[in-house]
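Structural characterization, general
Okay, here's what each chain looks like letter by letter:
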Amino acid sequence: MSEAADPCGSEVTMHDVELLISKKDEIEAQIKALYDLLQDQKAVGMDEPLVDREGYPRADVDIYQVRTARHNIICLQNDHKAIMKEIEESLHRLHAREKEKREKDEAEAQAEALQSHQALPTAFAKVDVVTPGSPASMSGLQVGDEIISFGTVNTSNFQSLQNIAEVVQHSEGKPLSVSVVRNGKLVSFALTPLRWSGKGLLGCNIIPLKR
């Protein structure tokens, strides 16, 4: 039998299955060729008697050739049955392993997403307005960003928006380290309060989150 794939092994690949299918096609072609040979021998097939009514070997067919063809057909049919079973088992194992891998990848992705979400600090405020061209806009701050740190203000010491206002007033022209949660991911950047054509030093509006 073919050694292309071991259905009992755990490393069956699609290439192995393709080799088995190729071997199956080859066996089928050999069986067809042998049946064609029997057809040429007075269409004796697999069951027609090879002796005449008197019990003598028929003279109108090549008895040796017919017997050899019949024997080879039986052997090839057994090989065909075995390789079909091997293909079925290999495909089953391949599909089972792919399903297991897909389920494992999905579970790992879910676990990673859950861990990432749980690892993020709790936000204390949220950005609901960012004016185009403002210092906030230029720094990359976006509407919907949930603030977890703004300079020295963080979840543990935040009491009111006055905390942020004081940090901004004392940091004009100086970059502040800001960290936000955006689309479930932690994003950090520098924000420098500056006087610009608009109102305030940031050009954004921040609202506190209920805790």
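What you see is a predicted model; the values in this text were computed from it and never measured.

Turning our eyes to something else, we now look at the pattern of salt bridges. Evaluation of the coordinates by the stated rule reveals 7 salt bridges. The shortest N-O distance in the salt bridge between Glu-28 and Lys-24 comes to 3.3 Å. Of this pair, Glu-28 and Lys-24 both sit in helix α1 (residues 14-40), 4 residues apart, which is roughly one turn of the helix. On the basis of relative accessible area, Lys-24 is assigned to the buried category, the value being 14%. Among the salt bridges present, the one from Arg-195 reaches Glu-172, with a minimum N-O distance of 3.1 Å. Taken as a pair, Arg-195 in the loop between β5 (185-191) and β6 (204-208) and Glu-172 in the loop between α4 (161-169) and β4 (176-182) lie far apart in primary sequence, 23 residues in all. Several salt bridges converge on common partners, so that one network encompasses Lys-24, Asp-25 and Glu-28.

Reports of interface size often rely on the accessible area that becomes lost once the parts have come together. Under the domain assignment, the protein chain is made up of domain 1 (14-117) and domain 2 (125-208). Of note, the centres of domain 1 and domain 2, computed from C-alpha atoms alone, are 71 Å apart.

A word on unusual backbone geometry. Backbone geometry at Ala-43 places phi at a positive 55°, although glycine is not the residue there. Position of Ala-43 among the secondary structure elements: in the loop between α1 and α2 (63-119). The exposure class assigned to Ala-43 is partly exposed, which follows from its relative accessible area of 36%. The backbone of Asn-183 sits at a positive phi, close to 55°, despite the residue not being glycine.

Here we come to the packing of aromatic side chains. Using the criterion set out here, one finds 1 aromatic pair in the structure. Where Phe-124 meets Phe-158, the ring centres are 4.5 Å apart and the plane angle is 25°; that geometry is what we call stacked. Note that Phe-124 is positioned in the loop between α2 and β1 (125-130) and Phe-158 in the loop between β3 (153-154) and α4, a separation of 34 residues in sequence. Exposure remark for Phe-158: the relative accessible area of 7% places this residue in the buried category.

Every buried residue of α4 is accounted for by Asn-163, Ile-164, Val-167 and Val-168. Along the long axis of α4, the arc covered by the buried residues comes to 135°, so they all point the same way.

In this model, α1 (27 residues) spans 39 Å end to end at C-alpha, consistent with the 39 Å of a helix rising 1.5 Å per residue. When we look at burial in α1, the residues that qualify are Asp-16, Val-17, Leu-20, Lys-24, Ile-27, Ile-31, Leu-34 and Leu-38. A positive phi of about 60° marks Lys-42, the residue just after α1.

By secondary structure assignment, the location of Glu-103 is in helix α2. For the pair Glu-103 and His-170, spaced 67 residues apart in the sequence, the C-alpha separation amounts to 53 Å.

Take the environment of Glu-89 next. By secondary structure assignment, the location of Glu-89 is in helix α2. Sequence separation between Glu-89 and Glu-108 is 19 residues; the distance between their C-alpha atoms is 28 Å.

How each quantity is defined
Per chain, residues are indexed from 1 in the order of the written sequence. The predicted nature of this model means local features are confined to residues of pLDDT at least 70 and side-chain atom pairs, given and counted, to a pLDDT of 80 or more, with totals for whole chains, interfaces and linings taken over all residues. Side-chain figures throughout are based on the complete set of non-hydrogen atoms in the structure, without hydrogens or water. By definition, a salt bridge exists where a carboxyl oxygen of Asp or Glu is found within 4 Å of a side-chain nitrogen of Lys or Arg. Where helices and strands are cited, they refer to DSSP runs of H or I of at least four residues and of E of at least two residues respectively, numbered from the N terminus. In this scheme, a residue with accessible area under 20% of its type's maximum is buried, one over 50% is exposed, and one in between is partly exposed, where area comes from a 1.4 Å probe on protein chains only. As used throughout, domain bounds are those supplied by an automatic or database domain assignment. For Phe, Tyr and Trp, rings pair up if their centres lie within 6.5 Å, where Trp contributes its six-membered ring, and each pair is then called stacked (planes under 30 degrees apart), edge-to-face (over 60) or tilted (otherwise). Taking the helix axis as origin, the arc is that swept by the directions to the C-beta atoms. A helix is expected to reach a length of 1.5 Å times the quantity of its residues less one.

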